[in-house]
Structures are given as structure tokens and as C-alpha cells.
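So you can see what is in the structure, the chains are spelled out below.
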Amino acid sequence: MTADDRTTKHPSRPGHLPVRLRGPADMAEMLPYLLGFFPDDSIVAVGLQGPTLDQGGVIRIDIPENPESWERTAEESARLLVELSEQRDRRPVQVLLYLCRDPDDGTPVPEGSQAVLAELRPLAAALTRAFQNEQVIVKESLCVSAGRWWSFLCAGIDCCPPDGTPVRAAHQPSPLVAAATFAGLAPRGSRKAIVAGLAPVGPPLCELQRRALEDAGPPFIRELAGPDGRHTAVERTDELLASAMAEFRNGARELDTRRTARLLIGLQDKLGRDRAAEYAEPHELATAQKLWRYLVQRCVDPFEHLAAPPMTLLAWTSWLAGDPATARIVLARALELDPGYTLAQLLYESLNSGLAPEALLRVVRSERTTRLREAGLLPGRELPPPGSPTGAGRPGGSPQAPAVRPGPQPGTESAQDSGAGQGEPGSDRECSAPGGGGPEPGEDGSPGTGRPTTSPDAASAAAHRPGGERRRSPLGAALPRIPRPRGSAPRHQQYTGG
């Protein structure tokens, strides 16, 4: 292993640290700052571009549980990094590889990590072959486990001892950490910890919430089957959202199980979910994140599938709050629950392609403004200031409707530039409720994945009532369709463009 291994970070790009990495110790230490969290059970590939080996694209992919799929995953990973890098900038000339996995709980360190090293060596070899086939040189390949690193490419005892090397010596200042802190970058815990925060509540709360969800289905179906059922259902969802946001803003940490169940079912309707996405202003984000996380945790067995909309809302508000790392992890979990949930797919692709949320935020603000004006609650051209009578306490309204911000700052994409509104018209995703019926279509008009609708009769009533609204989701229409790389890319990848 050479002593001058380094990657020059570009100081003018967000998320790129203006430091040089001198050897594998720095490479291991920089990893959580590149991703925004501590990866676990992950393949991470960092592209290096140009003659100075500037950091380019970064991908993170789950390590497949079945070793028989490692060869295929390695080929897809190499292809994914190369093609997404070419889409964003240029192909990498070299790559840094990381395989991150901690030993099982209770296994001594470093013995457990050495077992991880041996277990993952075939995957490291497959990745090296795959990148070589793509004409990308593997500059370094590391195993990172339990705070130590090993090189898959070096067998030197002096530089790479069998017991591994600590990622950073204790009580030793690190230029990398100092540069990351100065740049405002900080890991937000481990990926496992973020996913654990999305887990459903246990007994006795889970039993109470399960019964409430079972009881909420029939009334909601009857609500939808009414003469103006869809509109009434969405407005009721809006009212519950407004009151829940007000309570959480004032310090509440939970709702009663009945309202929780009705909110979860109401958010399955894309128009109800889009009303929830309007809580997107800076002063609303912290409260909204608490509410979405609370609702995710109330999707107890056998209603886990109801978590896809609140997870997507949590990811949306995390992205707006400047936390794309958490947004990606939450979206990956939402797509595990419902691979066909279109808004989660589109947000995930937008994040992985380096788009900014401003264009979509403008669409959300415009929808909010138009709706208030049509309801006669907005006499002027702008939304009322927070706390004004026309924005607070209205039926079906936001408790704090913020003023519209000025246009985008220089360098941000406009809705037109990003392809907003140019997607295919989306068809309704009907509401998932306990005791459902047939499959539902996606928001972009694609076939659904078989998740249940409310019921065949209720779905028919909602679709064919007088005036039959077949409205598409403005959020789904505003997000651009991003070309996917050739072949079948790994499902839960993360890409950060260079």
C-alpha cells in the first residue's frame, strides 16, 4: 500500500470536504461524512475523477444476505456508479470500495471483525473484478468493522496488521473531522439506528392501535361511498392534520388511537397525502417530522403497509430540512414496504440524482395558495402570515399558512427547468383501508403492485360519483422522470453525485 494514497476534495461543491486523504485511515474516517450517517451492512463505492482524483459520485447499496447474489450485485454496483456518474458529470477513473459490517452482538472484537473480513472477502473480489471490467481501477478496498479497518488489497503486516487498525486513534485531533465540522457536516447516527426509529410500537400500545385500525375501515368506506365522498374524506383528513399539527406544536407527543387510525387511512389517498405535504415551511418542518414519525410507529401488524405515505412525508420534510441522508434511508424503507409507491420512487430518484427540493416546494406552495383562494380564504395574492385568522382554525385548513417566499435563489432549478408538470397524468391511487379489494394503479399511470383499495364498491363510487374527480397528484406530476441506468440496478441504492 502506497503512503501517498489520497483523494482531493473539491471545496466548492456541497458535501465535498476540502481536505486530502492520506492513506486508508483517512478513507475509513471520511465515510460517514460522505454519506451523512454511519453505514452498516453496506457496499459503498466512491468514484475518483480526473487527473487529481477529485471525489465524484458515491453509491451505497445493501449487502445482499445471500452470497450467491454477490457476483450479480457487484456487476450492478459497478455499472450503476459508472452510468450515474456519466449522467451527472463524467465517468470515474478510479474507485474506493468499502464493505461495512459489524460483528454479531456479543462477539468479541477484533475476533468477530476478522470473521466479517473473511466472510466478505469473496464480495470484495467480485467488486474488484466488476470495476475492472468497467475499466475503472480499484484504488483501495477496505473492510470497516467495529471501528477498525482492514485492506482487501494489502497483505503487509507492518501497514495492515491482522487485528486491523482503529479508524482513528483515541484523543487524537483529526483534520478530516475538523474540516467536516467547519463545513457543517455531521453523521446522524447509524443507518440501523435510523431504521430502528421507524419500528412499530410494541405492547400494550400495539394492541390498542390495531383495534382502532380495524374499527376505522368500515366508517371510512362509508364516507367514501357518499354523494361527495372523496371530497368529504380529503377535507376530513385535512381537518385532522391541522388539529394534530397544532397539538404537536404545543408539545403533544401522541394522539388518541381513533384519530391516529383515521389519519393513517386518510393519508393512503394521494390527495390527502398531498395536503399533508403542504406542511413544508421552515417553521413547520420540526413539528411535521414529529407527527409523521409518530404515525409511522403506529402502523402495527398487520397494517405495516400503511406506513408508506407517512414515511414518504417524513423523507420529504427531512430533505427540506437539509437532511438528505435520513430522507434516503426512510425512502428505502418505504419502498421495501411498497415497491410501487410512486411518490417515494420519484423522491428517491430525485435525491439520488442530486436535484434540489425547491422546484417541488414551489408546486406545493402554489397548490396551497390556489386551494385557499378557491375556498374564499385568500383574498389577496399571497398566503396569509402565520397565525392570521384566514390561515388558522379554518375548516380543513392549515393552522399556520405561511406567506409565499420569493422565487428561487440563483443556481436553483425552476419548476420548468426541472421538467415539473411534464410527467404523464397520474391516475388516482385509491385509499388503502383495512378489508381492501383489488390492486391500485400508480400515480404515473403505471400498474399497481396489488395493494388493496378500500373495496370494489367504494372505489367505484369514488370514481363514478357525479362530477367524477380523477385528479392526479401535483407532487407526483411535478417530479421529473429520471432515466434509469441500463440493466436492473440494486433496489436500495443511494447515489450522491460528484
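Scoring rules and cut-offs
Residues numbered from 1 in each chain as written. Predicted model: local features only at pLDDT ≥ 70, side-chain atom pairs only at ≥ 80, totals over all residues. Heavy atoms only, no water. Helix = DSSP H or I, 4+ residues; strand = E, 2+ residues; numbered from the N terminus. Buried < 20%, exposed > 50% of the residue type's maximum accessible area, 1.4 Å probe, protein only. Areas by Shrake-Rupley, 256 points an atom, 1.4 Å probe, with all protein chains shown as cover. Pairing = 2+ DSSP bridges. Salt bridge = Lys/Arg side-chain N within 4 Å of Asp/Glu carboxyl O. Axes fitted to C-alpha atoms, helices over the stretch in contact; angles between N-to-C directions. Parallel < 35°, antiparallel > 145°, perpendicular 65-115°, else oblique. Left-handed = near helix turned anticlockwise from the far one by under 90°. Contact = heavy atoms within 4.5 Å. Nonpolar A, V, L, I, M, F, W, Y, C, P; charged D, E, K, R; others polar. Phe/Tyr/Trp six-rings, centres within 6.5 Å; stacked < 30°, edge-to-face > 60°. Core = buried A, V, L, I, M, F, W, Y, C linked by side-chain atoms within 4.5 Å. pLDDT = per-residue confidence, 0-100.

Comments concerning the overall build of the protein chain
Across its full length, the protein chain carries 16 helices and seven strands. Residue burial in the protein chain is summarised as follows: out of 498 residues, 55% are buried. Summing over all exposed atoms, the protein chain offers an accessible surface of approximately 21,100 Å²; the carbon and sulfur share of this is 54%.

Here's the deal with the pairing of strand β3 (residues 94-100)
Taking burial as the measure, the seven residues of β3 include seven buried ones, the bulk of the element. Of the two faces of β3, the one lined by Gln 94, Leu 96, Tyr 98 and Cys 100 and the one lined by Val 95, Leu 97 and Leu 99 are each fully buried. Sheet analysis places strand β1 (residues 42-49) next to β3, joined by seven bridges and oriented antiparallel. Counterpart to Ile 43 in the pairing with β3 is Leu 99. Across seven bridges, the pairing between β3 and strand β4 (residues 137-145) is parallel.

Digging into the pattern of salt bridges
In this structure the tally under the stated criterion is 24 salt bridges. The partner of Asp 256 in a salt bridge is Arg 259, and the shortest N-O contact between them spans 2.7 Å. By relative accessible area, Arg 259 is classed as buried at 16%. When salt bridges that share partners are traced, they join Glu 235, Asp 238, Arg 275, Glu 278, Glu 284, Arg 368 and Arg 371 into one network.

Some thoughts on unusual backbone geometry
Across the junction of Pro 203 and Pro 204, the peptide omega takes the value -5°, indicating a cis bond. Residue placement: Pro 204 occurs in the loop between α5 (191-196) and α6 (205-224). Positive phi values are uncommon outside glycine, yet Asp 41 reaches one of about 50°. The residue Asp 41 is located in the loop between α1 (24-35) and β1 in this model. Phi at Leu 53 takes a positive value of approximately 55°, unusual for a residue other than glycine. Take Leu 53: it is sitting in the loop between β1 and β2 (54-62).

A short note on the packing of helix α2 (residues 70-88) against helix α3 (residues 111-133)
Packing of α2 against α3 leaves a shortest axis separation of 8 Å and a crossing angle of 40°. Of the possible angle classes, the one that applies to α2 and α3 is oblique. Where α2 crosses over α3, the two elements pack in a sense that is right-handed. Residues Trp 70, Glu 71, Ala 74, Glu 75, Ser 77, Ala 78 and Leu 81 of α2 lie in contact with α3, whose contacting residues are Glu 119, Leu 120, Pro 122, Leu 123, Ala 126, Leu 127, Arg 129, Ala 130 and Phe 131. Of the residues assigned to the contact of α2 with α3, the class counts are 11 nonpolar, one polar and four charged.

Considering the packing of aromatic side chains
Under the defined criterion, the tally for this structure stands at two aromatic pairs. Aromatic side chains Trp 316 and Trp 319 sit 6.3 Å apart centroid to centroid with 70° between the ring planes, which places their arrangement in the edge-to-face category. With Trp 316 and Trp 319 both in helix α11 (residues 308-320) and three residues apart, the pair spans about one turn of that helix. As far as the burial class goes, Trp 316 and Trp 319 line up, both buried.

Section: the packing of helix α7 (residues 229-249) against helix α8 (residues 257-266)
Interaxial distance between α7 and α8 falls to 10 Å at its minimum, and their mutual angle equals 125°. When the interaxial angle is binned, α7 and α8 end up oblique. In terms of crossing hand, the pair formed by α7 and α8 is left-handed. The segment α7 lies against α8, with Ala 233, Arg 236, Thr 237, Leu 240, Leu 241, Ser 243, Ala 244 and Glu 247 engaging Arg 259, Arg 262, Leu 263 and Gly 266. Of the residues in the contact of α7 with α8, the class split is five nonpolar, three polar and four charged.

Here's the deal with the nonpolar core
Counting 60 residues, the largest nonpolar core has Leu 291, Trp 292, Leu 295 and Trp 316 as its most contacted members. The element that contributes the greatest number of residues to this core is α11, accounting for eight residues. Judged by nonpolar contacts, the second largest core, of 29 residues, contains Ile 43, Ala 45, Ile 63 and Ala 130.

Regarding helix α9 (residues 270-277)
Of all eight residues that make up α9, eight are buried, and the element is covered over most of its length. The set of residues buried in α9 consists of Lys 270, Leu 271, Gly 272, Arg 273, Asp 274, Arg 275, Ala 276 and Ala 277.

Quick look at the confidence of the model for the protein chain
This prediction gives the protein chain a mean pLDDT of 74; 66% of its residues lie at or above 70. Note that residues 1-17 has pLDDT below 50 and, in this model, 58 contacts with residues that lie over four places away or in other chains.

Observations concerning the environment of Ala 307
Topologically, Ala 307 is positioned in the loop between α10 (282-297) and α11. Taking relative accessible area as the criterion, Ala 307 reaches 3% and is therefore assigned buried. As a C-alpha pair, Ala 307 and Asp 338 span 31 residues in sequence and 9.1 Å in three-dimensional space. Leave out the neighbours within four places in its chain, and Ala 307 touches Val 296, Cys 299 and Leu 337.

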